[in-house]
Amino acid sequence: MKIVLVIDQFDDANNGTTISGRRFAAALKEHGNEVRVIAIGKPADYKYAVRQMKFPPIVEHLVTSQGMRLAIPNKHVFEKAAAWADVVHFMMPSPMAVMGLKHVERLGIPHTAAFHCQPENITFTFHMGNNKRVNDFVYDKFRDTFYNRFNHIHCPSEMIANQLRQHGYTAQLHVISNGISPQYTYGKLPKEDWMQGYFNVLMVGRYAGEKRQDVLIEAAAKCRHAKEIQVILAGKGPLEKKYRQLAEKLPNPVVMGFYEPERLLDILHMADLYVHTSDAEIEGMSCTEAFACGLVPVIAVAPRSATSQFALDERSLFPGGDSDALAERIDWWIEHPQERQEMELKYAEHAKQYTLERSIELTEEMFRQAIEEQEKLNLTK
């Protein structure tokens, strides 16, 4: 198939949607498909380039601090891309995508969408992430301006599919994991000097309100083994200063920074435990990648997070936001190294059912359905 991905930012892999999009594009190509993207940046053989949207400084900071860039809508680019494509897949309901959808509809081109942007990813930025009325408003806005104009939507988890059903989304919902790339496999590397002598507790994610790294910092400070623990927060985001200040209470300095995928893979193979504290998470690929590499996870149970679905037993779960309970879990895994080693192997095996290969096969089937339905519709016009 000839597939166009509509994704505002593709070149810089510093947010979850872009990382998923890049991995998705590469895997589709490996399956024999031709893939092009509509995104900001320099023109390339694989890219229909559009200009970046500019905002006043305060708004610009809010957008870029989340690792995002937004594109200016360009109908000529969409018309050119649509003329080439068998199917156009929209990754998020950005202004460019809303405009582009109108042209794809008018031209009768098969189109599908993905639901990667949880309303809480937006509302937590404005300190309203726990306001149900505000979150419902965003769900409804997404539905009415964008998603209810599709017949097929990719949902990375059953949790988010249920949210869409509850909010009146009418498309066929395809629950397909974003998929674990094949390089994330079980393995152990000798610890580098900066990790030596510590029990290294890792979390990967943006420093944003819904990710709740503060819970991990608080828990590490409360642990009986606090003096042995080194907390590693891989990521970046607007709450970095706050978390650095909060982490001053820890016996050992916190390690914070953004790592390229290859470097992060090494850290995953050296760390001792993975913690996932998010209050809102559509799937939690960083967690699946961690346990695929052989890290036992400890995951927050939260109504707006799907990640707890991956836990194999209660030892890998704690009530979301409860730093006391998380501290107890961390201490237990420190005190039971043999059980931890046994579960590392079980989690690595568990990860094999969420392969990127399987996800691509299911997504291709969704594309084929959309193409067949559009062809029938076009014949009736």
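Residues numbered from 1 in each chain as written. Predicted model: local features only at pLDDT ≥ 70, side-chain atom pairs only at ≥ 80, totals over all residues. Heavy atoms only, no water.

A few words now on the overall build of the protein. Of the regular secondary structure elements, the protein holds 14 helices and 15 strands. Its C-alpha atoms give the protein a radius of gyration of 21 Å, within 12% of the compact-globule value 21 Å for 381 residues. In terms of principal-axis extent, the alpha carbons of the protein reach across some 70 × 45 × 40 Å. Taken over 381 residues, the protein has a buried fraction of 58%. Across the protein, every contact between residues at least 6 apart in sequence was considered, and the portion connecting residues at least 24 apart equals 68%. As presented, the protein carries roughly 16,500 Å² of accessible surface, and 52% of it is formed by carbon and sulfur atoms. Between the centroid of the 44 positive side chains of the protein and the centroid of its 49 negative side chains there is a distance of 6 Å. (Helix = DSSP H or I, 4+ residues; strand = E, 2+ residues; numbered from the N terminus. Rg over C-alpha atoms; globule rule 2.2 N^0.38 Å. Buried < 20%, exposed > 50% of the residue type's maximum accessible area, 1.4 Å probe, protein only. Contact = heavy atoms within 4.5 Å. Areas by Shrake-Rupley, 256 points an atom, 1.4 Å probe, with all protein chains shown as cover. Lys, Arg positive; Asp, Glu negative; His and termini not counted. Charge placed at Lys NZ, Arg CZ, Asp CG, Glu CD.)

On to the sheet that holds strand β2 (residues 34-40). Pairing is parallel across the open sheet formed by 7 strands, whose spatial order is β3-β2-β1-β4-β5-β6-β7. Unpaired on one side and paired on the other, β3 (47-50) and β7 (172-175) mark the two borders of the sheet. Pairwise comparison of adjacent strand axes, ignoring direction, gives a mean angle of 20° for this sheet. Of the strand pairs in this sheet, strand β5 (residues 111-114) and strand β6 (residues 152-155) are connected by 2 bridges, and their pairing is parallel. Looking at β6, one finds that A113 is bridged to I153. Contacts from helix α4 (residues 95-107) reach β1 (2-6), β2, β3, β4 (87-90) and β5 within the one sheet, and its direction differs from that of β4 by about 160°. Strands in contact with helix α7 (residues 158-166) are β6 and β7; relative to β7, the strand with the most contacts, it is inclined by about 165°. (Pairing = 2+ DSSP bridges. Axes fitted to C-alpha atoms, helices over the stretch in contact; angles between N-to-C directions.)

Before going further, it helps to spend a moment on the packing of aromatic side chains. Evaluation of the coordinates by the stated rule reveals 18 aromatic pairs. Centroid distance F90 to F150: 5.6 Å. Interplanar angle 70°. Geometry classified as edge-to-face. Taken together, the positions of F90 in strand β4 and F150 in the loop between α6 (132-145) and β6 put the pair 60 residues apart, joining distant regions of the chain. Comparing F90 with F150 shows no difference in burial state: the two are buried. The ring of F10 carries R22 above its face, with NZ or CZ at 5.9 Å from the centroid. For K236, the ring lying beneath its charged end belongs to F258, and the centroid distance is 5.1 Å. (Phe/Tyr/Trp six-rings, centres within 6.5 Å; stacked < 30°, edge-to-face > 60°. Lys NZ or Arg CZ within 6 Å of the ring centre and 35° of its normal.)

Negative charge collects at one region of the surface, where E34, D86, E372, E373 and E375 lie side by side. Ranked by the residues each element gives to the negative patch, the list is headed by helix α14 (residues 356-380), at 3 residues. Note on E372: relative accessible area 47%, which makes it partly exposed. (Patch = residues over 30% accessible without salt bridge, like charges linked within 9 Å, V, L, I, M, F, W, Y side chains within 5 Å. Salt bridge = Lys/Arg side-chain N within 4 Å of Asp/Glu carboxyl O.)

Each turn of an α-helix holds 3.6 residues, which means side chains three or four residues apart point in the same direction. Considered for burial, the residues of α7 that qualify are M159, I160, A161, Q163 and L164. Turning to α7, the residues buried within the fold contact α6, β6, β7, β12 (280-281) and β14 (304-305). Looking at the residues trailing α7, positive phi occurs at G168, about 80°.

This part is about the pattern of salt bridges. One pass over the structure, following the stated rule, counts 25 salt bridges. Two residues, K188 and E344, come together in a salt bridge whose shortest N-O distance is 3.3 Å. Placement of K188 in the loop between β7 and β8 (199-204) and of E344 in helix α13 (residues 337-350) is noted, with a sequence separation of 156 residues between them. Three or more residues joined by partner-sharing salt bridges are found here, namely R224, E328, D331 and E335.

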